Amino acid sequence: MNAGPYSNEQFQAFVQEQFIPLKTQVFWDKQSELMERFTIKWTPTLIIHDKEGREHHRMVGFVPVNDLIPHLMFGKGKVLFDGDHLIKSIEAFRGIVEQYPDAGIAPEAVYYRGVAEYKRYHDAAALRRIYDALAAKYPQSEWARRAQPYSQIPAYAEV
Amino acid sequence: MAEIQWERDFASAVTRAKKEGKPVYHDFWFEG
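None of these values were measured; they are calculated from a predicted model.

Chemist: Give me the overall build of chain B: which residues, what numbers.
Modeler: What chain B contains, in helices and strands, is 1 helix and 1 strand. Projecting the C-alpha coordinates of chain B onto the three principal axes gives extents of approximately 35 × 25 × 10 Å. By residue count, 31% of the 32 residues in chain B fall in the buried class.

Chemist: Talk me through helix α4 (residues 65-82) of chain A; I want residue IDs and the actual numbers.
Modeler: All names here are of chain A. The terminal C-alpha atoms of α4, which comprises 18 residues, lie 25 Å apart, in line with the 26 Å expected from a rise of 1.5 Å per residue. Within α4, 14 of the 18 residues are buried, which leaves the element mostly enclosed by the surrounding structure. Of the residues one or two after α4, D84 is the one with positive phi, at around 65°.

Chemist: Could you give an account of the packing of helix α2 (residues 9-18) of chain A against α4 of chain A, with specific residues and numbers?
Modeler: All names here are of chain A. Following both chains from N to C, one finds α2 and α4 inclined at 10°, their axes separated by 11 Å at the closest point. Considering the angle they form, α2 stands roughly parallel to α4. As for the relative orientation of α2 and α4, their crossing is left-handed in sense. Contacts between α2 and α4 involve F11, F14, V15 and Q18 from the first element and V65, L68, I69, L72 and K76 from the second.

Chemist: Outline the interface of chain B and chain A, supporting the account with residue identities and numerical values.
Modeler: Contact with chain B, which involves 24 residues of that partner, is made by 34 residues of chain A. Of all the secondary-structure elements, those providing two or more residues to the side of chain B that touches chain A are α1 (10-20) and β1 (24-29) of chain B. Counting residues per element, the side of chain B that touches chain A draws most heavily on α1 of chain B, which supplies 7 residues. Its residues assigned to classes, the side of chain B that touches chain A comprises 13 nonpolar, 2 polar and 9 charged.

The rules behind each value
Residues numbered from 1 in each chain as written. Chains lettered and ligands numbered in written order. Predicted model: local features only at pLDDT ≥ 70, side-chain atom pairs only at ≥ 80, totals over all residues. Helix = DSSP H or I, 4+ residues; strand = E, 2+ residues; numbered from the N terminus. Buried ≥ 20, exposed ≤ 12 C-beta atoms within 10 Å, placed from the backbone. Expected span 1.5 Å × (residues − 1). Axes fitted to C-alpha atoms, helices over the stretch in contact; angles between N-to-C directions. Parallel < 35°, antiparallel > 145°, perpendicular 65-115°, else oblique. Left-handed = near helix turned anticlockwise from the far one by under 90°. Contact = placed C-beta atoms within 7 Å. Nonpolar A, V, L, I, M, F, W, Y, C, P; charged D, E, K, R; others polar.

The values are spatial; any link to function lies outside them.
Pasting the structure below:
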């Protein structure tokens, strides 16, 4: 059980305000329909679903509160991104980088913010900005390496 | 601050998610 973050008042207020909180107890000797449906193999497994119950983000194993809140913000951004609510997803991803720049999920949020900007505004410079931001702030991250192809795009390119 | 008010049923949580326009935060946990 992820007891640490749940005793944190900031997390309590955040999750109560922004999400519908749902708990499902796991019994390894008695697989439930939900465990099979979402292929639960370790705990805690933390999933962000949209209003149809579809999965958009998953965390496996204990996550400390300073990483968990940004993960939940990222999950909310992914729900918006996957639903093509691009402007709102850009705001969500930007919020992670601004409020929690040291969080583990922050480099991925930089990447998705840029992709959402590219999809919304059809400006390839947004992809170049992904690379520039990741190379400057998170040069050791996998996401900086994954953005490397965008380094070839002119900084002020338009499609 | 009150403790988190958890839903315990997936269908009920999804129904609330539709009604309130919020995503669901789902914790699969093990009492170990």
